[in-house]
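Each chain, written out:
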Amino acid sequence: PIIPDKGRKEAASPSVRLNKIMYEQFKSILVDEMSIDPKLITMDAELTADLGINSLELADLILLCEEKLGVEIDDKQLSKFISVGDIVNYLSSLE
(Lines give C-alpha, C1' and ligand atoms only; values in the text may rest on other atoms or scores of the structure.)
Protein backbone atom coordinates (compact mmCIF):
# COMPACT_ATOMS: atom_id res chain seq x y z
CA PRO A 1 0.00 0.00 0.00
CA ILE A 2 1.03 3.61 -0.57
CA ILE A 3 1.53 5.53 2.64
CA PRO A 4 0.76 9.24 2.35
CA ASP A 5 3.65 11.56 3.07
CA LYS A 6 2.53 13.44 6.17
CA GLY A 7 5.45 15.86 5.90
CA ARG A 8 4.40 17.09 2.47
CA LYS A 9 2.64 20.44 2.47
CA GLU A 10 -0.36 20.99 0.29
CA ALA A 11 0.05 23.57 -2.45
CA ALA A 12 -1.33 26.94 -1.37
CA SER A 13 -4.72 27.69 -2.82
CA PRO A 14 -5.01 30.62 -5.25
CA SER A 15 -6.78 32.70 -2.58
CA VAL A 16 -3.96 32.11 -0.09
CA ARG A 17 -1.37 33.11 -2.70
CA LEU A 18 -3.41 36.19 -3.60
CA ASN A 19 -3.65 37.15 0.08
CA LYS A 20 0.15 36.84 0.47
CA ILE A 21 0.74 38.98 -2.63
CA MET A 22 -1.79 41.58 -1.45
CA TYR A 23 -0.22 41.57 2.02
CA GLU A 24 3.22 42.31 0.54
CA GLN A 25 1.81 45.10 -1.65
CA PHE A 26 -0.10 46.64 1.25
CA LYS A 27 2.92 46.31 3.54
CA SER A 28 5.09 48.16 1.01
CA ILE A 29 2.55 51.01 0.94
CA LEU A 30 2.64 51.19 4.76
CA VAL A 31 6.44 51.21 4.78
CA ASP A 32 7.16 53.41 1.75
CA GLU A 33 4.29 55.89 1.93
CA MET A 34 3.33 55.94 5.62
CA SER A 35 6.83 55.39 7.10
CA ILE A 36 5.66 52.47 9.27
CA ASP A 37 8.37 50.21 10.70
CA PRO A 38 8.12 46.93 8.73
CA LYS A 39 8.79 44.91 11.91
CA LEU A 40 5.47 46.16 13.33
CA ILE A 41 3.40 45.04 10.34
CA THR A 42 1.62 41.70 10.67
CA MET A 43 -1.82 40.54 9.58
CA ASP A 44 -2.96 40.92 13.21
CA ALA A 45 -1.46 44.38 13.76
CA GLU A 46 -4.15 46.93 14.57
CA LEU A 47 -3.96 50.07 12.47
CA THR A 48 -4.52 52.47 15.37
CA ALA A 49 -3.25 50.63 18.45
CA ASP A 50 -0.17 48.96 16.92
CA LEU A 51 0.74 51.13 13.93
CA GLY A 52 -0.41 54.53 15.24
CA ILE A 53 -2.56 55.36 12.20
CA ASN A 54 -5.25 57.95 12.95
CA SER A 55 -8.50 58.47 11.03
CA LEU A 56 -7.03 61.08 8.66
CA GLU A 57 -4.05 58.85 7.92
CA LEU A 58 -6.42 55.92 7.32
CA ALA A 59 -8.25 58.00 4.71
CA ASP A 60 -4.89 58.81 3.07
CA LEU A 61 -3.91 55.14 3.24
CA ILE A 62 -7.13 54.11 1.49
CA LEU A 63 -6.53 56.67 -1.27
CA LEU A 64 -2.97 55.38 -1.68
CA CYS A 65 -4.25 51.81 -1.96
CA GLU A 66 -6.76 52.84 -4.59
CA GLU A 67 -4.07 54.68 -6.56
CA LYS A 68 -1.26 52.12 -6.23
CA LEU A 69 -3.37 48.95 -6.53
CA GLY A 70 -5.92 50.22 -9.06
CA VAL A 71 -8.93 49.37 -6.92
CA GLU A 72 -11.93 51.26 -5.61
CA ILE A 73 -12.67 50.92 -1.90
CA ASP A 74 -16.20 51.52 -0.65
CA ASP A 75 -16.14 54.31 1.96
CA LYS A 76 -18.66 52.34 4.02
CA GLN A 77 -15.94 49.74 4.62
CA LEU A 78 -13.60 52.14 6.45
CA SER A 79 -15.14 51.53 9.87
CA LYS A 80 -14.56 47.78 9.43
CA PHE A 81 -10.81 48.18 8.93
CA ILE A 82 -9.32 47.48 12.37
CA SER A 83 -6.27 45.38 11.48
CA VAL A 84 -3.88 45.02 8.57
CA GLY A 85 -5.57 41.68 7.86
CA ASP A 86 -8.98 43.36 7.53
CA ILE A 87 -7.68 45.56 4.72
CA VAL A 88 -5.64 42.79 3.07
CA ASN A 89 -8.63 40.43 3.06
CA TYR A 90 -10.89 43.15 1.67
CA LEU A 91 -8.39 44.07 -1.06
CA SER A 92 -7.96 40.38 -1.94
CA SER A 93 -11.74 40.04 -2.30
CA LEU A 94 -11.70 42.79 -4.97
CA GLU A 95 -9.33 40.82 -7.24
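Treat the numbers as computed from the prediction; the structure is a model and nothing was measured. (Residues numbered from 1 in each chain as written. Predicted model: local features only at pLDDT ≥ 70, side-chain atom pairs only at ≥ 80, totals over all residues. Heavy atoms only, no water.)

For this particular structure, what's the right way to read the pattern of salt bridges?
Where charged atoms of side chains with opposite charge meet at close range, the side chains can pair. In this structure the tally under the stated criterion is one salt bridge. Residue Lys68 is joined to Glu33 by a salt bridge in which the shortest nitrogen-to-oxygen separation is 3.1 Å. On the criterion of sequence distance, the pair formed by Lys68 in helix H2 (residues 55-69) and Glu33 in helix H1 (residues 14-34) is long-range, its members being 35 residues apart. (Salt bridge = Lys/Arg side-chain N within 4 Å of Asp/Glu carboxyl O. Helix = DSSP H or I, 4+ residues; strand = E, 2+ residues; numbered from the N terminus.)

Whenever I open this one, the side chain of Ser92 confuses me. Can you help?
Topologically, Ser92 is positioned in helix H3 (residues 84-94). Once residues lying within four places of it in the same chain are set aside, the contact partners of Ser92 are Leu18, Asn19 and Met22. (Contact = heavy atoms within 4.5 Å.)

Sorry if this is basic, but what is going on with unusual backbone geometry here?
With glycine set apart, most residues show a phi of negative sign, and most peptide bonds adopt trans. A positive phi angle, near 55°, is found at Ser35, a position not held by glycine. Inspection of the secondary structure puts Ser35 in the loop between H1 and H2. With relative accessibility at 65%, the residue Ser35 sits in the exposed group. (Buried < 20%, exposed > 50% of the residue type's maximum accessible area, 1.4 Å probe, protein only.)

Without other data, these values stay purely geometric and don't point to any function.
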